[in-house]
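Reading the structure
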Amino acid sequence: MKLRVAASLLALPLAATACGSGTSGGKAQELRVWSTWSEGEPNQKVLAEAFKDFEKETGVKVRVQWKGRTAMKSFLPSLNTSNVPADLIEGNNRELTRQFAAAKGALDLSDVYAAKVQGEQATVGETVGESYKRMATSQSGVLAQMPYQVSTYGWFFDGKSFPNLAPKTWEEFVKVLDARKAEGRKPLGQDGSIPNYNARYLEHFSRAIMGDEGWHALAPDKSGQSWLKPEVLKAAQMVEALAKGGYFPDGFNAAKFPAMQQKWANGESDFLYQGTYLPKEVAPYAKPGLEFRAFRFPAVEGKAPTMNVTTTGFGIPVKAANPAAAKKFLAFFLQKKYQDKVSSLALEISVRRDVPAAPQVADLKAALDSGEINKADVLDMGDFNAKVLLPLSDQLLFGKISAADFTKRMAEQAAVYWKSKG
């Protein structure tokens, strides 16, 4: 996998995490965990088994709170107190590097990365790999996350309906869409009630045409004039062509999630651009025999956009009561036997290259292993997106404004937004 930026890390010994009985002065140690999974989810079952084995092997009592997706949001206020409620906090790379580390609450995990995975010869750092290590590092250089799972995006389809389909260019893909439309199909599934989903087209077209740096430089431009660049207009025109092309199901812009996702899983549309979590989400209502296949976003003007990646993993608070046990668990959980279950049971992609992906996401694992991932060390523009980009992106995809209107309004509203910030 090609790399854009590599983190420079100190190789420190992991003396504090050497194997032992897990007791101190006869008193059993305790490891407190806040997890991003809810009880009953496949990922929760994988972790629960690992925690049970860790207890048995080390004597460290693991107390887990299955907090669900709000784990980090709920945890952050505790950083301002003298006692944090967990020794391990789970979240995605953005939560851990931008929120947790930015609040100066994250312990640097360089010594964990320098240690060997339990029972193996490779270090944690070697097993995780440079690309995901970079994503786990904050802008200030704190190695805040030990990732174990990778999510990315792709165009999902039923392999039984489209054997050997893998369009390399956007033009090739549009020909497939036009052929399906000629047969009376509405080929593109799209849950229009989710603004982030709607903006993916503009983002990917832009990143292919402008590169990651060009795309990431747009929002921070306080003048707003960057949105008037011809490259942005070209990307917006490609979105406009989708909006006018008759590819989306009727009413997609008003449908409530996951209505369109369900229709796709039932075979009512052909393609859906979604994350690797999709097969697991639609499993309860997918049509019998659906063969999950996927391809990465095709090339535009000869260049494919880099793949968007999110990693899930653990961080350790600076104020953790038992950081030694927390570090020990990180090296323990990265063992292949647990990472195999991330694939086989949770149907996710492990950070370990030697763990085959579940068949449902194998195409995208292959693309990740051979492709180039999106830069992670960018500004957090969530507020700008919510107030400026996403509303206008919705209007563009819904066909309510033209590409030229979109770029003009983005330039104007971006300038107003930044002026309001002082």
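Residues numbered from 1 in each chain as written. Predicted model: local features only at pLDDT ≥ 70, side-chain atom pairs only at ≥ 80, totals over all residues. Heavy atoms only, no water.

1. Describing the packing of aromatic side chains
Given two aromatic rings, their pairing is described by the distance between the two centres and the angle made by the two planes. Note the cut-off: Side-chain rings of Phe, Tyr and Trp, where Trp is taken by its six-membered ring, are said to pair if the distance between their centres is within 6.5 Å; with planes under 30 degrees apart they count as stacked, over 60 as edge-to-face, and otherwise as tilted. Secondary structure elements follow DSSP: runs of H or I of four or more residues count as helices, runs of E of two or more count as strands, with numbering from the N terminus. Any residue under 20% of the maximum accessible area for its type is buried, any over 50% is exposed, and the rest in between are partly exposed; the area is computed with a 1.4 Å probe on protein chains only. Any Lys NZ or Arg CZ found within 6 Å of a ring centre and within 35 degrees of that ring's normal is scored as a charge over the ring.
By the definition in use, this model includes 41 aromatic pairs. Both rings, one in Trp264 and one in Phe292, keep their centres 6.2 Å apart while their planes meet at 45°; by these two values the pair is tilted. Here Trp264 is found in helix 11 (residues 259-265), whereas its partner Phe292 is found in strand 8 (residues 292-295), with 28 residues between them in sequence. Across this residue pair, the class does not change: Trp264 and Phe292 are buried. When the centroid spacing of 6.5 Å and the interplanar angle of 20° are considered together, the rings of Phe384 and Trp418 count as stacked. Remark: Trp418 occurs in helix 17 (residues 403-420) and Phe384 occurs in helix 16 (residues 382-397); sequence separation between them is 34 residues. Here Phe384 falls in the buried class, since its relative accessible area comes to 0%. For Trp418, a relative accessible area of 17% gives the class buried. Residue placement shows Lys67 over the ring face of Trp34; its charged tip is 4.1 Å from the ring centre. The ring of Tyr247 has Lys181 lying over it, and the distance from NZ or CZ to the ring centre is 4.9 Å.

2. Comments concerning helix 9 (residues 200-216)
Our working definition: To estimate how far a helix should extend, the number of its residues minus one is multiplied by 1.5 Å. Fitting one axis to the seven residues ending at a residue and another to the seven starting there, the bend at that residue is the angle between the two axes.
With 17 residues, helix 9 ought to run about 24 Å at 1.5 Å a step, yet its terminal C-alpha atoms sit only 14 Å apart, falling short of that. At Met210, helix 9 shows its largest kink, close to 115°. Extensive coverage of helix 9 is indicated by the burial of 15 of its 17 residues.

3. What to know about the pattern of salt bridges
To keep things clear, this is the line we draw: Criterion for a salt bridge: a side-chain nitrogen of Lys or Arg within 4 Å of a carboxyl oxygen of Asp or Glu.
Within the structure shown, the criterion is met by 27 salt bridges. Of the charged contacts in the structure, one is a salt bridge between Glu203 and Arg207, with a shortest N-O distance of 3.1 Å. Of the two residues, Glu203 and Arg207 are both situated in helix 9; the distance of four residues between them amounts to about one turn of the helix. We classify Glu203 as buried; its relative accessible area is 15%. Arg207 gets classed as buried once you look at its relative accessible area, which sits at 1%. As a salt-bridge pair, Arg352 and Asp354 come within 2.9 Å of each other at their nearest N and O atoms. The class of Arg352 is buried, set by a relative accessible area of 5%. Given a relative accessible area of 39%, Asp354 falls into the partly exposed group. It is possible to trace a salt-bridge network through shared partners that takes in Arg180, Glu183, Arg185 and Asp270.

4. Some points on the layout of surface pockets
Keep this limit in mind: For cavity detection a 1 Å grid was placed over the protein atoms alone, and a set of points counts as a cavity when a 1.4 Å probe fits there but cannot get out; an open set counts as a pocket when protein lies on both sides within 12 Å along at least five of seven lines, with lining residues being those that have an atom within 4 Å of a point. Grid points are joined across faces, edges and corners, and a volume is the space filled by probe spheres set on the points.
In this structure, the largest pocket encloses a volume near 1,800 Å³. Lining the largest pocket are 48 residues; nearest its centre among them are Asn92, Arg94, Tyr153, Asn196 and Thr310. No other element matches the six residues that helix 16 contributes to the lining of the largest pocket.

5. Overview of helix 15 (residues 362-370)
Our working rule: It is the directions from the helix axis to the C-beta atoms that the arc portrays. It only takes one pair of heavy atoms within 4.5 Å for two residues to be counted as in contact.
Along helix 15, the positions that sit buried rather than exposed are Leu364, Lys365, Ala367 and Leu368. One side of helix 15 carries all its buried residues, which in axial view fall inside an arc of 160°. Buried-residue contacts for helix 15 involve helix 6 (130-135), strand 6 (146-158), strand 8, strand 9 (309-315) and strand 10 (349-350).

6. Here we look at the environment of Phe156
Inspection of the secondary structure puts Phe156 in strand 6. Under the relative-accessibility criterion, Phe156 is labelled buried at 0%. Separated by 91 residues in the primary sequence, Phe156 and Gln65 have C-alpha atoms spaced 34 Å apart.

7. Some details on the nonpolar core
Rules: For this analysis, a nonpolar core means a set of buried residues of the types Ala, Val, Leu, Ile, Met, Phe, Trp, Tyr and Cys, connected via side-chain atoms within 4.5 Å.
Leu31 and Phe329 are the most contacted members of the largest nonpolar core, which has 58 residues in total. The leading source of residues in this core is helix 13 (residues 323-333), at seven residues. When near neighbours in sequence (up to four residues on either side) are disregarded, Phe329 contacts Leu31, Leu47, Ala50, Phe51, Phe54, Leu88 and Phe314. One finds Val176, Leu202, Phe384 and Leu397 within the second-largest nonpolar core, a separate group that totals 51 residues.

8. A word on the packing of helix 9 against helix 10 (residues 230-244)
Selection rule: The angle between two axes is taken between their N-to-C directions and runs from 0 to 180 degrees, where each axis is a line fitted to C-alpha atoms and a helix contributes only its stretch in contact. Note on terminology: angles under 35 degrees are roughly parallel, angles over 145 are roughly antiparallel, angles of 65 to 115 are roughly perpendicular, and the others are oblique. Whether a crossing is left-handed or right-handed is set by the direction in which the near helix is turned from the far one by less than a right angle, anticlockwise for left-handed and clockwise for right-handed. Following the grouping adopted for this structure description, the nonpolar residues are Ala, Val, Leu, Ile, Met, Phe, Trp, Tyr, Cys and Pro, the charged ones are Asp, Glu, Lys and Arg, and the polar ones are all others, Gly among them.
Packing of helix 9 against helix 10 leaves a shortest axis separation of 9 Å and a crossing angle of 140°. Relative to helix 10, helix 9 is oriented oblique. The element helix 9 and its partner helix 10 pack so that their crossing is right-handed. Counted together, Tyr201, Leu202, Phe205, Ser206, Ile209 and Met210 of helix 9 and Glu231, Val232, Lys234, Ala235, Ala236, Met238, Val239 and Leu242 of helix 10 form the full contact between these two elements. Class assignment for the residues of the contact of helix 9 with helix 10 results in eleven nonpolar, one polar and two charged.

9. Things to note about the side chain of Lys365
Relative to the helices and strands, Lys365 is located in helix 15. Leaving out residues up to four positions away in the same chain, Lys365 has contacts with Ile349, Ser350, Arg352, Arg353, Val355 and Ala357.

10. Observations concerning the environment of Asp158
What counts, and what does not: In the analysis that follows, any N or O atom pair within 3.5 Å is treated as a polar contact, provided that within protein one partner can donate a hydrogen and the other can accept it, and provided that, for residues neighboring in sequence, both atoms belong to side chains.
When you line up the elements, Asp158 lands in strand 6. The spatial distance from the C-alpha of Asp158 to the C-alpha of Phe292 is 5.4 Å, given a sequence separation of 134 residues. Aside from chain neighbours lying at most four places away, what touches Asp158 is Lys287, Leu290 and Glu291. There is a polar contact of 3.1 Å between the side chain of Asp158 and the side chain of Lys287. Of note is the side chain of Asp158, whose polar atom sits 3.1 Å from the backbone nitrogen of Glu291.

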